[in-house]
Each structure stands twice: as C-alpha cells, then as structure tokens.
Amino acid sequence: MSSRIVLGVGASHSTLMNTHWDQVVHTDGAERFRDGLAAAHDAVVAARPDVAVIVGSNHFRGFWLDMIPAFTLGVGEVLGAGEAGTPKGPQRTRPDLAQALAEELVDRGTEVALSARLQIDHGQTHAIQYLLRDLAVPVIPLVVNVFAAPLPRVDRCTALGRNLADAVATLPGDLRVAVIASGGLSHRLPWPSDWRDPHGEDEEFLVEAWLNGRGDWESYDGRRRQIITAARPAIAEEFDEAFLADLERGALATYGMWTSADIERAAGNGGQELRTWLTMAAALDFAPGRSLAYAAMPEWLTGMGVALVEPGTGP
C-alpha cells in the first residue's frame, strides 16, 4: 500500500462570514453554506487523513509585492495571520513531508518556491477553522498567486495538481492525504485590475499596502476592510452553478485552457481563486464530485460553494 490522496474538498472562504454574520439578510443561504462546511468537515473526519495539503490564496498578509512566487510550499513553520477571527499563530505541520513533496514536485516539473516560515491568512486558515477545526491533522500549505499579475497559467495549476498526486504516492508510510482547495467562487474585489496602474485613492492605498505590508500589514488592515465591506457585490450565479455541475460530472479539466481574462470575464477578479479548485480536482484526476452547498451571498461579496471529490479507485 502506498501513500495516496483519500479526499478532495473545495470550499469558498470569506472573513465576512466571521465578522458580519449578524448582518446577513440571506440567512437561508448563509446557513446552507455553513451546513455544507459542516458536512465537508464530517467527510474529512471519515477519510481519516494523516495530513492535509491546503491549496489556497494569500491576500497580501503573508506575501507582498516585494516577492510573490507563482507557487509556494510551506516546508517549515506555518503561522496564521489571525485576521477577522481566523486561526492565529503556529499551526500543526509536517515539515518532513512538506520538504519531500517539494523535492518531488520539482523533479516532476513544477518548480515551487519554499518557505521555512510561512504566514498564511484566511485564504488557508478559513479551511483550518471550519474543515479541520477539531482534528489533530497537520497541514501543508500550498499557496497559489491569484492576485498579483501576471498569474500562473491555469494549465500550470492543473499540472501542479497532477504532479502533487504523483508526489504524494512517493511519501513513505502509507499515508492518507486530504487535498483542500480554498477560494472562489465568483466574486469581485475592489482591488486594482493591475497593481501597476491604480486608479483613485483607495486603489493607491491598496497597492501601497501590498508593497509595504511586510512586517506591518496590520497597520493597513483597518482601511483595507473598510474598502472591502463598502464594495458592491458582483456574483455570477449561473457561472458558479455551471462550475459546480462540471465538478459533479468530472468535467473540470475543460477549464484547463482558460486564461486569466476568461476567468475574470466569467467570475470576476476574485474568481481567479478557482485555480485552487482546479489544482485540487487535477490531484484527484478530475474524478466526478459532489456539490454539498451553494449560496450567492452578496453580504460576503461571494458565490459560496463547497464540494467533495473522492478518488475514482482504491480503498
């Protein structure tokens, strides 16, 4: 028996779920998504993973414009930023397994950057909070750049997922691995479409925060959140429903040839986080999945979805 991926999970994230629950108008949708997260948590429990690889984004609280690789693997200490009630401080890790995965990924053609002290934000910690909340499961964060153009090509993300599956199979110890994708679905953030060309005071402030936030991100966070909470929602429900239907059919491979422009037109700039779902699905060989919940949540600016993908073969 070799090490293997036993479960894939895709789940949207939003810190507004933590901080603005009492302001929700679409309570049925909010409860439906929360219940979907609970069902996904139960599926993770049932899968009995020894480690969870969390494929997620970072919202300029662990990466800044002074250095932002396409793909980064946390191979040492992992720290939660702790913004908006998300997990803060050191997280459970397996540096030995993370380093082994990094070496195997490079050998297979996916050059990942390494971080021996990686700060993650709700792009990863939302999954820890809701999907791994009471489990003693160490995490290996895999951060995908989805906000600072130029972004990694979508087909490179699906190749990353396939290489991740092959790399997992080489891990010693007959390990059970869960792959969790955090992000999406459709949403539009009030961020500059190109960080090199901000328009207006808010966008100029955000670019300043992205460039100068290392070691001082919290001083920018208050105004950042004001800008985000004041934004008008832009959710593409039809796209989200079609994406989840394709996940259920095992048809997400068709998105592998999309460009960043294609994604933004269909799902908004926040939809670039769908790269994390496609990486997870590729790691599961695009097996048919199961949608657990979907809710268009304008209060959280996002089409909130949660789904499972299980391996097509094996125990």
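Notes on the structure in this doc start here. If you're wondering where the values come from, they're calculated on a predicted model, not measured in any experiment.

Reading the values: the criteria
- Residues numbered from 1 in each chain as written.
- Predicted model: local features only at pLDDT ≥ 70, side-chain atom pairs only at ≥ 80, totals over all residues.
- Heavy atoms only, no water.
- Pairing = 2+ DSSP bridges.
- Helix = DSSP H or I, 4+ residues; strand = E, 2+ residues; numbered from the N terminus.
- Axes fitted to C-alpha atoms, helices over the stretch in contact; angles between N-to-C directions.
- Left-handed = near helix turned anticlockwise from the far one by under 90°.
- Contact = heavy atoms within 4.5 Å.
- Nonpolar A, V, L, I, M, F, W, Y, C, P; charged D, E, K, R; others polar.
- Polar contact = N/O pair within 3.5 Å; in protein donor to acceptor, adjacent residues only side chain to side chain.
- Salt bridge = Lys/Arg side-chain N within 4 Å of Asp/Glu carboxyl O.
- Buried < 20%, exposed > 50% of the residue type's maximum accessible area, 1.4 Å probe, protein only.
- Parallel < 35°, antiparallel > 145°, perpendicular 65-115°, else oblique.

Observations regarding the pairing of strand β8 (residues 289-297)
So, step 1. Both β8 and strand β9 (residues 302-309) contribute to a ladder of eight bridges, which runs antiparallel. Residue pairing across strands places A293 opposite V306, the latter belonging to β9.
So, step 2. Hairpin remark: β8 followed by β9, antiparallel, with four residues in the connecting loop; positive phi at L301, about 65°.

What about the packing of helix α5 (residues 154-168) against helix α10 (residues 274-283)?
So, step 1. Where α5 contacts α10, the two axes come as close as 7 Å, and the packing angle between them is 40°. Between α5 and α10 the crossing geometry is right-handed. In this structure, α5 uses V154, C157, T158, L160, G161, R162, L164 and A165 to contact α10, whose residues at the interface are R275, L278, T279, A282 and A283.
So, step 2. Class assignment of the residues belonging to the contact of α5 with α10 gives a composition of eight nonpolar, three polar and two charged.

Some words on the side chain of Q124
So, step 1. Structurally, Q124 can be placed in helix α4 (residues 122-131).
So, step 2. In this structure the side chain of Q124 is engaged in a polar contact, spanning 3.4 Å, whose partner is the backbone oxygen of L142.
So, step 3. Apart from residues no more than four positions distant in its own chain, Q124 is found in contact with I54, V55, G56, S57, P141, L142 and V143.

Let's talk about the environment of H13
So, step 1. Here H13 shows up in the loop between β1 (4-11) and α1 (16-19).
So, step 2. H13 sits 168 residues away from A181 along the chain, and the two C-alpha atoms are 10.0 Å apart.
So, step 3. Engagement of the side chain of H13 in a polar contact is seen with the side chain of S182, the distance being 2.8 Å.
So, step 4. A polar contact of 3.4 Å, which involves the side chain of H13, links it to the backbone nitrogen of G183.

Observations concerning the pattern of salt bridges
Think of it this way: side chains of opposite charge can pair up when their charged atoms draw near.
So, step 1. Evaluated as defined, the whole model comprises 18 salt bridges.
So, step 2. Here D134 makes a salt bridge to R133, at a shortest N to O gap of 3.9 Å.
So, step 3. Here D134 falls in the exposed class, since its relative accessible area comes to 51%.
So, step 4. Ionic pairing is found between R196 and D194, a salt bridge with its closest N-O pair at 2.8 Å.
So, step 5. A residue is classified by how much of its surface remains accessible, and R196, at 53% relative accessible area, is exposed.
So, step 6. Through salt bridges that share partners, R61, E83, D121, D221 and R224 make up one connected network.

Here's the deal with unusual backbone geometry
So, step 1. A cis geometry characterises the amide bond from A149 onward to P150, with omega recorded as 5°.
So, step 2. Inspection of the secondary structure puts P150 in the loop between β6 (139-144) and α5.
So, step 3. In this chain, G184 is followed by L185 through a cis amide linkage whose omega measures 0°.
So, step 4. With a phi close to 55°, A84 is a non-glycine residue in the positive phi region.

Let's talk about the packing of helix α6 (residues 200-212) against helix α7 (residues 218-229)
So, step 1. Their axes nearest at 11 Å, the elements α6 and α7 cross at an angle of 140°. As the angle between them shows, α6 and α7 are arranged oblique. Here α6 runs over α7; the crossing is left-handed. Contacts from E201, D202, F205, L206, E208, A209, W210 and N212 in α6 reach Y220, R223, R224 and I227 in α7.
So, step 2. Per-class residue counts for the contact of α6 with α7 are six nonpolar, one polar and five charged.

Re the side chain of N58
So, step 1. Following the sequence through the fold, N58 ends up in the loop between β2 (51-56) and β3 (71-81).
So, step 2. For N58, the side chain forms a polar contact with the main-chain nitrogen of F60, separated by 3.1 Å.
So, step 3. Side-chain polar atoms of N58 contact the backbone nitrogen of G62, separated by 2.9 Å.
So, step 4. Apart from residues no more than four positions distant in its own chain, N58 is found in contact with F63, Q119, I120, D121, V143 and F147.

In short, the description is geometric, and any link to function would need to be established separately.
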